[in-house]
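A structural walkthrough
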Amino acid sequence: LARTMLENASPLVFQRAKERDVTPEEEDDLVSDPIDDREVFDLVRCINDPEHPLTLEQLNVVEELRVQVNDAESKVDVAFTPTIPHCSMATLIGLSIRVKLLRALPARFKVDVHITPGTHASEHAVNKQLADKERVAAALENSHLLQVVNQCLSPSC
């Protein structure tokens, strides 16, 4: 995307959360430990924004308090907040979060990625797209779109 076409040319940048201390139990492969909110947040916090050389955490698009995991029921819920109410990248950001979680979590998890209520003008339409497995699969068959998603997922922190 051309830098002259940025929708939010000067976004606010937020401080990153401190790294989580890993417990000896978490490092022990013989101990079964449930996946929790922080573990999922750590998976999505370093996703790159499609428009800026910043992570979703640095832009406050993802926050730990908007990640909810129920390991017993194999459910993950992630709400994300676009930086501006008319962000045209909202679907791409949501798709990147969904793909990251589908690649990283055990297949037993049902992943729900959606916009934080009341933070985007097209919230309902974007959420409908992100919840539709066929639309997500079709989007990922588009080689250009998959390349952009993979760029967002390339390690940055």
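Counting restarts for each chain: residues are numbered from 1 in the order of the written sequence. Restriction of local features to residues with pLDDT of at least 70 applies here, the model being predicted, together with a cutoff of 80 or more for giving and counting side-chain atom pairs; totals for whole chains, interfaces and linings are based on all residues. The side-chain quantities take in all heavy atoms of the structure and omit both hydrogens and water.

Under an unreviewed UniProt entry, the name given to the chain is Cytosolic iron-sulfur assembly component 2B, and the organism recorded is Eptatretus burgeri. UniProt lists a comment for the chain under the heading Sequence similarities (unreviewed entry), and it reads "Belongs to the MIP18 family." UniProt positions are given in the numbering used here, feature names are shortened, and annotations may be inferred rather than shown by experiment.

**Some remarks on the overall build of the chain**
Only DSSP runs of H or I reaching four residues or more are called helices, and only runs of E reaching two or more are called strands; each is numbered from the N terminus. A tally of helices and strands in the chain yields six helices and three strands. Sequence-ordered secondary structure for the chain, helices as α and strands as β, is α-α-β-β-α-β-α-α-α. A separation of at least 24 residues holds for 67% of the contacts in the chain among residues at least 6 apart in sequence. In the form shown here, the chain has an accessible surface area of approximately 9,200 Å², with 53% of it arising from carbon and sulfur atoms. Throughout, a residue-residue contact means that at least one pair of heavy atoms, one from each residue, lies within 4.5 Å. Each accessible area value is a Shrake-Rupley result obtained with a 1.4 Å probe; residue values ignore everything except the protein chains displayed when judging cover.

**Some thoughts on the pairing of strand E1 (residues 67-70)**
Only one face of E1 is buried, namely the one carrying Val 67 and Val 69, since none of Gln 68 and Asn 70 on the opposite face is buried. Two strands qualify as a pair provided DSSP detects at least 2 bridges between them. Bridge count between E1 and strand E2 (residues 75-80): four bridges; the pairing is antiparallel. In the strand pairing of E2, Asn 70 is matched with Lys 75. Between the end of E1 and the start of E2, which pair antiparallel, lie four residues, with Ser 74 showing a positive phi angle near 55°. Each residue's exposure class comes from its accessible area (1.4 Å probe, protein chains only) as a fraction of the maximum for that residue type: buried when under 20%, exposed when over 50%, partly exposed otherwise.

**Overview of the packing of helix H3 (residues 90-104) against helix H6 (residues 143-153)**
Packing of H3 against H6 leaves a shortest axis separation of 9 Å and a crossing angle of 70°. Between H3 and H6, the angle falls in the class roughly perpendicular. Touching Leu 92, Leu 95, Ser 96, Val 99, Lys 100 and Arg 103 of H3 are Leu 145, Leu 146, Val 148, Val 149, Asn 150, Cys 152 and Leu 153, all from H6. In this count, Pro and Cys sit with the nonpolar residues alongside Ala, Val, Leu, Ile, Met, Phe, Trp and Tyr, while Asp, Glu, Lys and Arg are called charged and the others, Gly among them, polar. Split by residue class, the contact of H3 with H6 holds nine nonpolar, two polar and two charged. Every axis in this analysis is a line fitted to C-alpha atoms, fitted for helices over the stretch in contact. Angles between the N-to-C directions lie between 0 and 180 degrees. Oblique is the label for every angle not falling under 35 degrees (roughly parallel), over 145 degrees (roughly antiparallel), or within 65 to 115 degrees (roughly perpendicular).

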